[in-house]
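Chain and residue survey
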Amino acid sequence: MARVVLALTCALRTAAGDVAAPTDGFVDIHAHAAGIGAGDSGVFIGRAMRDSFRFPIYLRAFGVTREALERDGDGLVIDRIAAHVAASERVSRAVVLALDGVVDDDGDIDWNATQVYVPNGFVARETARHPPLCFGASVNPHRRDALERLARVHEDGAVLLKWIPNIMGIDPADEAIRPFYRRLVELGLPLLTHAGQERSFASAVDAYGDPLRLELPLSMGVTVIAAHIATTGENAGEDNFERILPLFEAYPNLYADISSLTQINKLGYLTRALRVPGLPERLVYGTDWPLQFFPLVSPYYHLNHIGFAEARSAAALDNPWDRDIALKEALHVPWHVFARGAELLPMERCL
């Protein structure tokens, strides 16, 4: 019954005009950046991640090499993102995400525990050079100066705040970070936070990805965007995707992005989510760039849901964002999901 109520409520909001028709391309709210620390970027890759089989694969997915980064600096990664977005016929903006590190008991970064650190200053500076890109900030709330850092990224034009609690050592349910949540509400910054299991890094604490831990910020009025709709893993013996669904019914400020849901390890989750009454009205478009490459993603993996002609048409597109949009449209993602990012985020801050 609650899902039916959610569906009716969302339908009324849409009819009332809460989500406008797209006019100037879509916004990808979930694009990552990385590097090797070249060009004074301040990017840090921990030994466990640097030695992982994943790291060279990620560099290739970004379209760069270690040698090119050493020569031109880590800004080359963001140059590549900007070029793809500028060439896209369907996506006009992408939010490029910083990523803060693990913080020790003194409120400082614990470099031994941090796997990836992408500084706010680097992302803010580089995205400012490219009109198609927006700044997505990241601040660990356990930093000793977390509130000051939050104010600074807001001043620098951040359109959202990004966490991956599983690798950042953040328990979203920690009562100690209430002041941080209050400040997010005051600044009007949505929190895009990973939910569910995390397997893109060398190690993770998946209990922090339990979607029920998001009830604290939701109860305080934070606009929360649960990345990937918590579509992997389980907590307390319950599938994380099933675990998050009641929260949509309880909290109108909860959204989720559809990034990574076409990957081979998440086949079927997107179509499953689209069948949940009312849920599409809370979904937001994202890619989880750069994780849109073969063999991780292919339209041909989805032939049980789309026709061969649609798969071939999507696969033939050169631009990765256009290819991603085409595949998700073939899977019947409605236009308002693609359009919602421009409505949900304070895009006037992305100049």
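It should be noted that the structure appears before, not after, this text.
Rules used throughout
- Residues numbered from 1 in each chain as written.
- Predicted model: local features only at pLDDT ≥ 70, side-chain atom pairs only at ≥ 80, totals over all residues.
- Heavy atoms only, no water.
- Helix = DSSP H or I, 4+ residues; strand = E, 2+ residues; numbered from the N terminus.
- Rg over C-alpha atoms; globule rule 2.2 N^0.38 Å.
- Contact = heavy atoms within 4.5 Å.
- Areas by Shrake-Rupley, 256 points an atom, 1.4 Å probe, with all protein chains shown as cover.
- Lys, Arg positive; Asp, Glu negative; His and termini not counted.
- Charge placed at Lys NZ, Arg CZ, Asp CG, Glu CD.
- Phe/Tyr/Trp six-rings, centres within 6.5 Å; stacked < 30°, edge-to-face > 60°.
- Buried < 20%, exposed > 50% of the residue type's maximum accessible area, 1.4 Å probe, protein only.
- Arc of directions from axis to C-beta.
- Pairing = 2+ DSSP bridges.
- Axes fitted to C-alpha atoms, helices over the stretch in contact; angles between N-to-C directions.
- Polar contact = N/O pair within 3.5 Å; in protein donor to acceptor, adjacent residues only side chain to side chain.
- Disulfide = S-S within 2.5 Å.
- Salt bridge = Lys/Arg side-chain N within 4 Å of Asp/Glu carboxyl O.

**Regarding the overall build of the protein chain**
A count of helical and extended segments in the protein chain gives 15 helices and twelve strands. For a compact globule of 351 residues, the expected C-alpha radius of gyration is about 20 Å, and the protein chain comes in at 19 Å, within 12% of that figure. A principal-axis box enclosing the C-alpha atoms of the protein chain has dimensions of 50 × 45 × 40 Å. Long-range contacts, defined as pairs at least 24 residues apart, comprise 78% of the intrachain contacts of the protein chain with a sequence gap of at least 6. About 14200 Å² of surface is accessible on the protein chain, with carbon and sulfur atoms providing 51% of the total. Distance between charge centres in the protein chain, computed from 33 positive and 45 negative side chains, equals 2 Å.

**Describing the packing of aromatic side chains**
Aromatic ring pairs are reported here in terms of the distance separating the ring centres and the angle at which the planes meet. Within this structure, the stated rule accounts for ten aromatic pairs. Through a chain of ring-to-ring contacts, three or more aromatic side chains come together here, namely Phe26, Tyr285 and Phe338.

**Considerations on helix α9 (residues 178-187)**
Restricting attention to buried positions, one finds in α9 the residues Phe180, Tyr181, Leu184 and Leu187. Looking down the long axis of α9, one finds its buried residues gathered within 125° of arc, a one-sided arrangement. Packing partners of the buried residues in α9 comprise α7 (146-155), β6 (160-163), β7 (191-194) and α10 (215-219). Just beyond α9, the residue with positive phi is glycine 188, at close to 70°.

**Observations concerning the sheet that holds strand β12 (residues 283-284)**
The strand order across the open sheet formed by eight strands is β1-β3-β5-β6-β7-β8-β11-β12, and the pairing between neighbours is parallel. Of all strands in the sheet, those with a lone pairing partner are β1 (26-32) and β12, marking the two edges. Against the sheet, helix α11 (residues 240-250) contacts β8 (224-227) and β11 (254-257), and its axis sits at roughly 135° relative to β11.

**Considerations on the side chain of histidine 130**
Within the fold, histidine 130 resides in the loop between α6 (120-128) and β5 (133-137). Within the structure, the side chain of histidine 130 is placed 2.8 Å from the side chain of aspartate 79, a separation counted as a polar contact.

**Some words on unusual backbone geometry**
Cis geometry is adopted by the peptide bond preceding proline 290, which originates at tryptophan 289 and carries an omega value of 15°. Residues phenylalanine 294 and proline 295 are joined by a peptide bond in cis, for which omega reads 10°. Summarising the element assignment, proline 295 is placed in the loop between β12 and α13 (308-315). The residue alanine 230 is not glycine, and still its phi comes out positive at about 55°.

**Quick look at the state of the cysteines**
Applying the stated criterion across every chain, the model contains one disulfide. Paired through a disulfide, cysteine 134 and cysteine 350 show a sulfur-sulfur distance of 2.0 Å. Since a negative S-S torsion denotes a left-handed disulfide, the cysteine 134-cysteine 350 link at about -95° is left-handed. Note that cysteine 134 is positioned in strand β5 and cysteine 350 in the segment after α15 (335-344), a separation of 216 residues in sequence. A residue is classified by how much of its surface remains accessible, and cysteine 350, at 6% relative accessible area, is buried.

**Points about the side chain of aspartate 28**
Position of aspartate 28 among the secondary structure elements: in strand β1. For the buried aspartate 28, no salt bridge is present, and the opposite-charge side chain at shortest range is lysine 328, 7.3 Å distant. Discounting residues that sit within four places of it in the chain, aspartate 28 has contacts with Val91, Arg93, Ala94, Val95, Tyr285, Gly286, Thr287 and Trp321.

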